[in-house]
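In case you want the letters, here they are:
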There are 2 protein chains.
Amino acid sequence: MRPAIVLLSGGLDSATVAAIARRDGFAVHAISFRYGQRHVVELAAATRVARQLGVASHRIIDLDLRAISGSALTDDLDVPKGRSAYEMSQAIPITYVPARNTIFLAYALGFAEVSAARDIFLGVNALDYSGYPDCRPEFVSAFEQLANLATKAGVEGSRFTVHAPLLTLSKADIIRLGMSLGVDYGLTSSCYDPAPTGEACGRCDSCQLRLRGFEQNQVADPIRYAA
Amino acid sequence: MRPAIVLLSGGLDSATVAAIARRDGFAVHAISFRYGQRHVVELAAATRVARQLGVASHRIIDLDLRAISGSALTDDLDVPKGRSAYEMSQAIPITYVPARNTIFLAYALGFAEVSAARDIFLGVNALDYSGYPDCRPEFVSAFEQLANLATKAGVEGSRFTVHAPLLTLSKADIIRLGMSLGVDYGLTSSCYDPAPTGEACGRCDSCQLRLRGFEQNQVADPIRYAA
């Protein structure tokens, strides 16, 4: 089996992506990051998902993002709650973490190169997303181009591919696909502002998109929400 | 003064780049990385250089590169010594650290975005270099392109510029330029395999390129070498 590096946050999207990589015949080497996120419970979710999917390896990398602040996901700022779909589409929200996906992919690339993996999977999606610039198709292809110029493997003729199989799927599509691949969404965590006990808030952008996706599939979301 | 982020390793090249950024009127915000390099004495050099140049700030970021091994700069592999210029030009050496400059630049980009800096300086050079893929002009421009797609600032119309002012200079040119800008090369450290007391080995690729650069300027290299 060819190895692939999968960015696994513990959320719904990346769990689905890991299952897709497995379906496509890759040995999944998952990496997650402890970067000071307020929703650090997602790392426990990543560990559960990795175990359920039977990945080849799972590493949690410590990221020192002290120099990079300014996001409601890492700083003591309020996570927006109860926003309408229209409001979500209007501007890049305060939960944007500067250069986060660039940093995550750069790590994944280094790990790929030393693992003889030429495939990197990530769960960005450009439809039901929250307006993050580093979740767009042009970002993904720019990174792929960079990867092939940045590395010894790329220069020596190997070709890195950055797979973003959810890019044009809606949240409802993603959930349908994941269920068909055996993903247990009860193990995942999507909330930006969960209770210390892990219950999702149900009102941040991420919870709302998730809940709507399950609703459109007429399936109950198996995770626990705060009352 | 406009802020700029400068990747400062403590070596000769990045010290020169910091002086160039200062000459060009930028407030220099320097960042260095503690990534498990065997030549960690370069961080003390970075601190000395930052102080001498009077930078606006200097941060040392801890990088967890445990997942990424395979380089003589981070692992217990022998640093090549006494190679001829021909040998250096033949292949990417074992001192190449997978995706290192991509990771460094990704951090710099995040830090730039939150600091309202739109300029990033790095000291890569493609002539007298050791064959690293992520020191080539095509790498630098691919990263610049990525930076403008990856960020909120880029999407909102700001333009990030990645400056690599040493790209086409020889080591001798770099030293000449740096001396004219008041760089004190006695504070810098270039060796890949220094003694614990800081003396440079004089025989690794980096030492050889440096010594030749001073020789071509008919100036003595002010740092200490092992006898």
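Keep in mind the model is a prediction, meaning the values are calculated, not measured. (Residues numbered from 1 in each chain as written. Chains lettered and ligands numbered in written order. Predicted model: local features only at pLDDT ≥ 70, side-chain atom pairs only at ≥ 80, totals over all residues.)

On to the relation of the copies chain A and chain B, then. Two copies of one chain are present, and they are related through a rotation about an axis combined with an axial shift. With an axial shift of 0.0 Å and an RMSD of 0.0 Å, the rotation relating chain A to chain B amounts to 180°. Those values place the two copies in the arrangement expected of a two-fold rotation axis. (Least-squares fit on C-alpha atoms with pLDDT ≥ 70 in both.)

Let us look at the environment of A27 of chain A. Residues and elements named next belong to chain A. The topology assignment puts A27 in strand β2 (residues 26-34). When the C-alpha atoms of A27 and P3 are compared, they prove to be 4.6 Å apart, with 24 residues separating the residues in sequence. Excluding anything up to four places from it in sequence, A27 contacts M1, R2, P3 and A56. (Helix = DSSP H or I, 4+ residues; strand = E, 2+ residues; numbered from the N terminus. Contact = placed C-beta atoms within 7 Å.)

What follows concerns the interface of chain A and chain B. Opposite the 38 residues of chain A that make contact, chain B presents 38 residues. Taken together, the elements giving at least two residues each to the side of chain A that touches chain B come down to β3 (57-62), α4 (100-114), α5 (137-150) and α6 (152-155) of chain A. Classifying every residue of the side of chain A that touches chain B gives 23 nonpolar, eight polar and seven charged. (Nonpolar A, V, L, I, M, F, W, Y, C, P; charged D, E, K, R; others polar.)

We now examine the sheet that holds strand β5 (residues 161-163) of chain B. Residues and elements named next belong to chain B. The parallel open sheet is built from five strands, whose spatial order is β3-β2-β1-β4-β5. Strand pairing shows two members of the sheet lacking a second neighbour, β3 (57-62) and β5, which therefore form its edges. For this sheet, the mean angle separating the axes of adjacent strands, direction not counted, is 25°. The sheet contact formed by strand β1 (residues 2-7) and strand β4 (residues 119-121) spans three bridges and is parallel. Note on β4: the bridge partner recorded for V6 is F121. Strands in contact with helix α1 (residues 12-23) are β1, β2 (26-34) and β4; relative to β2, the strand with the most contacts, it is inclined by about 160°. Along the sheet face, helix α2 (residues 41-53) touches β2 and β3 and points at about 170° away from the line of β2. (Pairing = 2+ DSSP bridges. Axes fitted to C-alpha atoms, helices over the stretch in contact; angles between N-to-C directions.)

Turning our eyes to something else, we now look at the packing of helix α7 (residues 171-180) of chain A against helix α8 (residues 205-216) of chain A. Residues and elements named next belong to chain A. Following both chains from N to C, one finds α7 and α8 inclined at 65°, their axes separated by 8 Å at the closest point. Of the two possible hands of crossing, α7 and α8 adopt the one that is right-handed. In this structure, α7 uses K171, A172, I174 and I175 to contact α8, whose residues at the interface are L209, R210, R212, G213, F214 and Q216. Along the lines of polarity and charge, the residues of the contact of α7 with α8 split into five nonpolar, two polar and three charged. (Left-handed = near helix turned anticlockwise from the far one by under 90°.)

Turning our eyes to something else, we now look at the sheet that holds strand β5 (residues 161-163) of chain A. Residues and elements named next belong to chain A. Spatially, five strands are ordered β3-β2-β1-β4-β5 in an open sheet, and the strand pairing comes out parallel. At either margin of the open sheet sits one strand with a lone partner, and together these are β3 and β5. Mean inter-strand twist for the sheet, computed between neighbouring axes without regard to direction, equals 25°. Running at roughly 160° to β2, helix α1 (residues 12-23) makes contact with β1 (2-7), β2 and β4 (119-121) of the sheet.

This part takes up the confidence of the model for chain A. When pLDDT is averaged along chain A, the result is 89; 93% of the residues meet or exceed 70. Interface confidence for the predicted complex, given as ipTM, is 0.87, next to a pTM of 0.90. (pLDDT = per-residue confidence, 0-100.)

In this section: unusual backbone geometry. One non-glycine residue, A116 of chain A, lies in positive phi territory at about 55°. Along the chain, A116 of chain A falls in the loop between α4 and β4. You can call A116 of chain A exposed: it has 10 C-beta atoms within 10 Å. Here the phi dihedral of Q218 of chain B falls at roughly 55°; this positive angle occurs in a residue that is not glycine. Along the chain, the position of Q218 of chain B falls in the segment after α8 (205-216). (Buried ≥ 20, exposed ≤ 12 C-beta atoms within 10 Å, placed from the backbone.)

Here we take up α5 of chain A. Relative to the 20 Å expected for 14 residues at 1.5 Å per residue, α5 of chain A spans 20 Å between its end C-alpha atoms, a close match to the ideal helical length. Listed as buried for α5 of chain A are F139, V140, A142, F143, L146, A147, N148, L149 and A150 of chain A. Turning to α5 of chain A, the residues buried within the fold contact α4, α6 and β5 of chain A together with α4 (100-114) and α5 (137-150) of chain B. (Expected span 1.5 Å × (residues − 1).)

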